[in-house]
Amino acid sequence: MIKHSGWLASLLFAGLASASASATDAPVSKGHYLAQAGDCAACHTSAGGANFAGGLRMVTPVGAIYSTNITPDKQTGIGDYSYDDFANAVRGGVAKDGHRLYPAMPYTAFAKITDEDMHALYDYFMNEVPAVHQADRDSDIPWPLSMRWPLTVWNWAFHDDSRYQPDSSQSAEWNRGAYLVQGLEHCGTCHTPRGIGFQEKALNQKDSAYLTGGTLEGWHAPDLTGNVHAGIGSWSQQDIVSFLQTGWTANSAAFGSMTDVIEHSTQHLSDRDVNAMAVYLKSLKSSNPKAVAPEPDSRTQAALVTGDMSKPGAQVYMDNCAACHRTDGKGYSKTFPALAHNPAILSDDPSSLISIVLRGGKAAVTHKAVTGLTMPDFGWRLDDRQVADLSTFVRSSWGNNAPAVKPEQVKALRKTVSTVERKDPDKQQQPQQ
């Protein structure tokens, strides 16, 4: 059991003391709220399927796996799990029958969940979620890679099963934000780089790699530290709050499966909890203290306005992008995101920009932003060279200063897109910003 000062504990966990904590919906139970915070439905519900009945396909470096049924059905779900069985699976990655779960289940983050919150989650899944009889699907991982005993070694090497330990030197609000970001919201699952064992290189801010960006299935989840070039160092606390509640800041928009995270999870958090997350994120030191914020540069706009298309990618941009994102790259506030100085575009890894050109995207649909505008895909009409030139043009214009994109990078990501669309009709994507 975690021991810490009473005043800090009472404030740290006050955010879930009421069953009416959800910011936008009718009052829900504490367990329901926690399940939304953990975004359990995102992985355990397939497109068109019953809630929490599993079957969602997720691609790993060694083959596809499918999420499991976590409804209280006794034959195919978790209906015969005791509380200890449930907690051991969520925190330790071990199912009731003893087999190891793949770490695509973010138990490395969920280990931080307190006993009180874990009991609330267990009560929710056992008493509020309808039971669905649906057998789990075997993975596509070939033998011998499908053997699970090596996961015991993986856990020994990479898994810390300790609960969240409040930092008494920080405020209760900071601690609440850290508890959510590190634990239930498991932001590091996508936004922290992976190591040789596909493990997150860091689990909290004590390690400099934490939340510095990660790439999964063709999307790069950007740096969430105070990096003013490729991170969110230029964002205010209110920008972060707005983004988590609506999917928008004045100039940026969520894309990829970050839209699902916002739709199904963060928009439902209380104002107190979203603000706490923002406080914590704003406290993270820059991944690159020498990073310099982009400076305005009007030369690209001047060239486009005068019809100078000599820069590779300029004509492709004018033909396909300028109507929405404008010749100055500033887009339209909370309608079409800016491309100028957008940290999601300035990362050294261009995967997200390439992927959204190839796949298209859709803005999050929330109670506070109901439009859900869609960006069309251009992969069918642009070849690898055109996409590379377009991406390089965007990453080097209006004061942006990011490395060029090569056609080989586009070709590799195009194969990823084709594989997802051919083998997975749900076209599920990993969570990104």
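Residues numbered from 1 in each chain as written. Predicted model: local features only at pLDDT ≥ 70, side-chain atom pairs only at ≥ 80, totals over all residues. Heavy atoms only, no water.

Chemist: Honestly, the domain arrangement of the protein in this entry has me stumped. Any pointers?
Modeler: Parsing the protein into structural domains produces domain 1 (29-142 + 151-163) and domain 2 (298-416). Distance between the C-alpha centres of domain 1 and domain 2: 37 Å. (Domains from an automatic or database assignment.)

Chemist: Is there a simple way to explain the UniProt feature "binding site: heme c 1" (unreviewed entry) in the protein in this structure?
Modeler: In the numbering used here, UniProt assigns the "binding site: heme c 1" (unreviewed entry) feature to Cys40, Cys43 and His44. Along the chain, the position of Cys43 falls in helix α3 (residues 40-44). When residues no more than four places from it in sequence are discounted, the contact partners of Cys43 are Leu56, Met58 and Ser67. Mapped onto the fold, His44 is located in helix α3. In this view, His44 contacts Phe52, Ala53, Gly54, Ser67, Thr68 and Ile70; residues no more than four positions away in its chain are not counted. (UniProt positions renumbered as here; feature names shortened; annotations may be inferred. Helix = DSSP H or I, 4+ residues; strand = E, 2+ residues; numbered from the N terminus. Contact = heavy atoms within 4.5 Å.)

Chemist: How do you make sense of a nonpolar patch on the surface when you look at a structure like this?
Modeler: Residues Trp143, Met147, Trp149, Val153 and Trp156 make up a contiguous nonpolar surface patch of about 720 Å² in total accessible area. Residue position: Trp143 is located in the loop between α6 (115-127) and α7 (150-158). (Patch = residues over 30% accessible without salt bridge, like charges linked within 9 Å, V, L, I, M, F, W, Y side chains within 5 Å. Areas by Shrake-Rupley, 256 points an atom, 1.4 Å probe, with all protein chains shown as cover. Salt bridge = Lys/Arg side-chain N within 4 Å of Asp/Glu carboxyl O.)

Chemist: I keep staring at the packing of aromatic side chains and nothing clicks. Help me out?
Modeler: Any pair of aromatic rings gets described here by the distance separating the centres and the angle formed by the planes. For the coordinates displayed, the defined rule picks out 15 aromatic pairs. With centroids separated by 5.8 Å and ring planes inclined at 85°, the aromatic side chains of Tyr83 and Tyr122 adopt a geometry described as edge-to-face. With a gap of 39 residues between them, Tyr83 in helix α4 (residues 83-92) and Tyr122 in helix α6 connect regions that are remote in the sequence. Of the residues examined, Tyr83 reaches a relative accessible area of 16% and is grouped as buried. Centre to centre, the rings of Trp174 and Tyr280 are 5.2 Å apart; their planes meet at 70°, and the pair counts as edge-to-face. (Phe/Tyr/Trp six-rings, centres within 6.5 Å; stacked < 30°, edge-to-face > 60°. Buried < 20%, exposed > 50% of the residue type's maximum accessible area, 1.4 Å probe, protein only.)

Chemist: Would you explain the pairing of strand β2 (residues 63-66) in this entry?
Modeler: The side chains of a regular strand alternate, first on one face of the sheet and then on the other. Examined bridge by bridge, strand β1 (residues 57-60) and β2 share four bridges and lie antiparallel to one another. By the bridge assignment for β2, Arg57 is matched with Tyr66. Between β1 and β2, which pair antiparallel one after the other, the connecting turn spans two residues. (Pairing = 2+ DSSP bridges.)

Chemist: So what exactly am I meant to see when it comes to the packing of helix α10 (residues 237-246) against helix α12 (residues 271-282) here?
Modeler: Between two packed helices, the angle of one axis relative to the other and the distance separating the axes together describe the packing. It is the contact of α10 with α12, at a shortest axis distance of 9 Å, that shows an interaxial angle of 130°. The orientation of α10 with respect to α12, classified from their angle, is oblique. The handedness of the crossing between α10 and α12 comes out as right-handed. Residues Gln237, Ile240, Val241, Leu244 and Gln245 of α10 pack against Asp271, Val274, Asn275, Met277, Ala278, Val279, Leu281 and Lys282 of α12. Tallied by class, the residues present in the contact of α10 with α12 amount to eight nonpolar, three polar and two charged. (Axes fitted to C-alpha atoms, helices over the stretch in contact; angles between N-to-C directions. Parallel < 35°, antiparallel > 145°, perpendicular 65-115°, else oblique. Left-handed = near helix turned anticlockwise from the far one by under 90°. Nonpolar A, V, L, I, M, F, W, Y, C, P; charged D, E, K, R; others polar.)

Chemist: Would you explain the UniProt feature "domain: Cytochrome c" (unreviewed entry) in the protein in this entry?
Modeler: The residues that UniProt annotates with the feature "domain: Cytochrome c" (unreviewed entry) are residues 26-129, 172-285 and 308-398. Taken end to end, residues 172-285 is 40% helix and 5% strand, and its two terminal C-alpha atoms sit 19 Å from one another. Helix makes up 40% of residues 308-398 and strand 4%, with an end-to-end C-alpha separation of 15 Å.

Chemist: Explain helix α2 (residues 30-37) to me, please; I cannot follow it from the model alone.
Modeler: When you tally the buried positions in α2, you get seven out of eight residues, the bulk of the element. Listed in full, the buried residues belonging to α2 are Lys30, Gly31, Tyr33, Leu34, Ala35, Gln36 and Ala37. Here the buried face of α2 lies against α3, α6, α8 (172-184), α11 (258-264) and α12. Among the residues trailing α2, Asp39 stands out with phi positive, at a value near 55°.

Chemist: What is the right way to look at the nonpolar core in this model?
Modeler: As a rule of thumb, nonpolar side chains are buried together in soluble globular proteins. Judged by nonpolar contacts, the single largest core of 59 residues is most densely connected at Leu121 and Phe125. Contributing elements (two or more residues each) for this core: α2, α4, α6, α8, α10, α11 and α12. The dominant element in this core, judged by the number of residues it contributes, is α6, at seven residues. Setting aside anything within four residues of it in sequence, one finds Phe125 in contact with Ala35, Cys40, Phe52, Ile70, Pro72, Ile78 and Phe86. Within the second largest apolar cluster, 25 residues are counted, among which are Tyr317, Cys321, Phe393 and Val394. (Core = buried A, V, L, I, M, F, W, Y, C linked by side-chain atoms within 4.5 Å.)

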